[in-house]
Amino acid sequence: MTGTERIRTDIAHNARVWNYWLGGKDNYPVDRAVGDRVTGFYPSIGEVARADRAFLGRAVTHLAADAGVRQFLDIGTGLPTADNTHEVAQRIAPDARIVYVDNDPIVLTHARALLTSAPEGVTEYVDADARDPLRILESAARTLDLTRPVAVMMLGILNFVLDTDEARSIVRTLMDAVPSGSHLVLTHPTVEPELGGEGNVAAMEFWNANATPPITARSRAEFTSFLDGLDILEPGIVSCASWRFAPASEVAQFGAVGRKP
């Protein structure tokens, strides 16, 4: 089966709906219809998408400029938009090496847009499922030196791994394979009222009944458990909109960066 044959245009898909919320054009009427319905349940969902993207830019900027990281493993890439990981990193460090990971045929058809690179650096794309961290590591090792620090980026991806123990195991496997000085960059939706997440409940119920893949929210404690054994960078676990930024409003999406000691 080819990637094109695997693409379903009769059911909304996360990568395309997220693209719609970000103002992109790589989506279908069904994606826009579901995206609008979710927005009806949770009016700030577009702000979540934009805040998550802005968090990526700030985190990569810090890691490349201040922490000296030159290798990035971006899992759950999604559709290319402005300021992708390699663009932010290579703007600061042209020799940065980036491996993108996704198993979505929609993303695969756009992979060439992610494979542009500064001449001094490298970008590569791996077709793999986030639930198969050993395959991800094996493939990434062809491009990245896993004996040197790597920034493992998992923005809005663990929420598609419905079993929390499995999600923790994935994170542990990835972080066990990289050395001291590596970082884990995470975002994840929540329904906790401290970040105004109550609206996520109805929105996620509608999503799971009408779109793919299914999604789950997690508590602060569950999110924190993904960072066990890591030194959490300031300002800690906050709304991704608030990570090293003073937003007009917060969003119900946790964000954090942890460093492997």
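Below is a summary of the structure that appears in this document.

Looking at the packing of helix H3 (residues 29–41) against helix H10 (residues 199–210)
- Viewed as axis vectors pointing N to C, H3 and H10 meet at an angle of 155°, and their least axial separation amounts to 8 Å. Overall, the two elements H3 and H10 adopt an arrangement that is roughly antiparallel. Relative to H10, H3 is oriented so that their crossing is right-handed. Contacts between H3 and H10 pair Val-34, Arg-37, Val-38 and Phe-41 from the former with Gly-199, Ala-202, Ala-203, Phe-206, Trp-207 and Asn-210 from the latter.
- For the contact of H3 with H10, the residue count by class is seven nonpolar, two polar and one charged.

Overview of the pattern of salt bridges
- Inspection of the entire model under this criterion finds six salt bridges.
- Taking the shortest distance from any N to any O, the salt bridge between Asp-31 and Arg-16 comes out at 2.5 Å. Here Asp-31, found in helix H3, pairs with Arg-16, found in helix H2 (residues 14–21); they are 15 residues apart in sequence, far enough to count as distant. There is no split in this pair, since Asp-31 and Arg-16 are both buried.

Let's talk about H10
- The terminal C-alpha atoms of H10 lie 17 Å apart, and with twelve residues this matches the ideal 16 Å at 1.5 Å per residue to within 8%.
- Along H10, the positions that sit buried rather than exposed are Asn-200, Ala-203, Met-204, Phe-206 and Trp-207. Seen along its axis, H10 keeps its buried residues to an arc of 160°; they face one direction. When the buried face of H10 is taken as reference, the exposed residues oriented beyond 90 degrees from it are Glu-205 and Ala-209.
- Close packing links the buried residues of H10 with strand S1 (12–13), H2, H3, strand S6 (183–189) and strand S7 (211–212).

Some thoughts on the packing of helix H4 (residues 45–65) against helix H5 (residues 85–92)
- It is at 9 Å that the axes of H4 and H5 come closest, and there the two elements cross at 35°. H4 and H5 meet at a crossing whose hand is right-handed. Each of Leu-56, Gly-57, Val-60, Thr-61, Ala-64 and Ala-65 in H4 lies in contact with H5, whose residues at this interface are Thr-85, Val-88, Ala-89 and Ile-92.
- Of the residues in the contact of H4 with H5, the class split is seven nonpolar, three polar and no charged.

A closer look at unusual backbone geometry
- With an omega dihedral of -10°, the bond running from Thr-212 to Pro-213 counts as a cis peptide bond.
- Within the secondary structure, Pro-213 sits in the loop between S7 and helix H11 (220–225).
- Of note, the bond from Glu-234 into Pro-235 is cis; its omega dihedral lies within 30 degrees of zero at 10°.
- Among the structural elements, Pro-235 can be located in the loop between strand S8 (231–232) and strand S9 (238–239).
- A positive phi angle is found at Arg-244, which is not glycine, with a value near 55°.
- In this fold, Arg-244 is placed in the loop between S9 and strand S10 (253–259).

Here's the deal with H3
- Relative to the 18 Å expected for 13 residues at 1.5 Å per residue, H3 spans 19 Å between its end C-alpha atoms, a close match to the ideal helical length.
- For H3, the complete set of buried residues consists of Asp-31, Val-34, Gly-35 and Val-38. Projected onto a plane normal to the axis of H3, the buried residues spread over an arc of 105° and lie on a single side. Opposite the buried face of H3, by more than 90 degrees, sit the exposed residues Pro-29 and Gly-40.
- In this structure, the buried side of H3 is in contact with S1, H2, H4, H10 and S7.

Things to note about the environment of Leu-184
- Secondary-structure assignment places Leu-184 in strand S6.
- Along the primary structure Leu-184 and Arg-70 are separated by 114 residues, whereas in three dimensions their C-alpha atoms are 14 Å apart.
- In this view, Leu-184 contacts Val-152, Met-154, Val-171, Met-175, Phe-226, Leu-227, Leu-230, Ala-256, Val-257 and Gly-258; residues no more than four positions away in its chain are not counted.

The rules we used
- Residues numbered from 1 in each chain as written.
- Predicted model: local features only at pLDDT ≥ 70, side-chain atom pairs only at ≥ 80, totals over all residues.
- Heavy atoms only, no water.
- Axes fitted to C-alpha atoms, helices over the stretch in contact; angles between N-to-C directions.
- Helix = DSSP H or I, 4+ residues; strand = E, 2+ residues; numbered from the N terminus.
- Parallel < 35°, antiparallel > 145°, perpendicular 65-115°, else oblique.
- Left-handed = near helix turned anticlockwise from the far one by under 90°.
- Contact = heavy atoms within 4.5 Å.
- Nonpolar A, V, L, I, M, F, W, Y, C, P; charged D, E, K, R; others polar.
- Salt bridge = Lys/Arg side-chain N within 4 Å of Asp/Glu carboxyl O.
- Buried < 20%, exposed > 50% of the residue type's maximum accessible area, 1.4 Å probe, protein only.
- Expected span 1.5 Å × (residues − 1).
- Arc of directions from axis to C-beta.

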